[in-house]
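Report on the structure
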Amino acid sequence: MLFTKPTYEELMLPFRYIEISDDLKLRQINIEAYGNVFGKNKYCYAWYELKTRNNNDFNDVIELLKNSAGKKVKVIIKLKKGIAKDFKLDIDSLSEAYNDERFKLLSLLGWGFNDKSYEELTAKR
C-alpha cells in the first residue's frame, strides 16, 4: 500500500504563553504546549490572533495566559506510519481550562512542531 491514512491521538499537555513584544503590537498571541509525545520531547508552538477588536478582551486573555501554571491543553497529534508529524491545539480545551469563552475567538496564524522550545530556537548565540 503506497498511501496510508494518518491517524490522530489526543494528549493533554502543559503549555506556556510566550511574550514577544513585536507580536503584542500586532495583537498576536503565542502559545507553546510541550511534553512527552510518544517517547520524544516535543514542542507544539502556535500563534494566533484574537478575533475581536476589544482591547480589554485581548489584554484579559494575555493576562490569563501569563498565569497558566498547572493548566493543560488538549493537543491532537497527527501520526503517519506511527510517527508524529503535525499537531493542533484544541481551542475548546483551552477555553475550558480558563472557563472563558473568549479563547474560542482565537484564529490560528501559524505553527511549528519542534524538538526544541521556542526559547532554544531563538536563543542568540
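See the structure shown above.
All of the points below concern the structure found in this document. Please read these numbers as outputs of a predicted model, since none were measured by experiment.

1. A closer look at helix α3 (residues 91–98)
Along α3, the residues that are buried comprise I91, S93, L94, S95 and Y98. N99 occupies a position one or two residues after α3 and carries a positive phi of about 55°.

2. Quick notes on the sheet that holds strand β4 (residues 72–80)
With respect to topology, six strands assemble into an open sheet ordered β5-β4-β1-β2-β3-β6, the strand pairing being antiparallel. Only two strands of the sheet have a single partner each, and these edge strands are β5 (83–89) and β6 (106–114). Along the sheet, successive strands turn relative to each other by an average axial angle of 35°, direction set aside. Of the strand pairs in this sheet, strand β2 (residues 28–37) and strand β3 (residues 40–50) are connected by 10 bridges, and their pairing is antiparallel. What sits directly across from N36, in β3, is N41. Taken strand by strand, helix α2 (residues 55–66) contacts β1 (7–18), β2 and β3, and its axis lies near 25° from that of β2. This element, α3, spans β1, β2, β3, β4, β5 and β6 of the sheet and lies at about 165° to β4.

Procedures and definitions
Residues numbered from 1 in each chain as written. Predicted model: local features only at pLDDT ≥ 70, side-chain atom pairs only at ≥ 80, totals over all residues. Heavy atoms only, no water. Buried < 20%, exposed > 50% of the residue type's maximum accessible area, 1.4 Å probe, protein only. Helix = DSSP H or I, 4+ residues; strand = E, 2+ residues; numbered from the N terminus. Pairing = 2+ DSSP bridges. Axes fitted to C-alpha atoms, helices over the stretch in contact; angles between N-to-C directions. Contact = heavy atoms within 4.5 Å.

Honestly, that's just the spatial picture; any functional story needs more than this.
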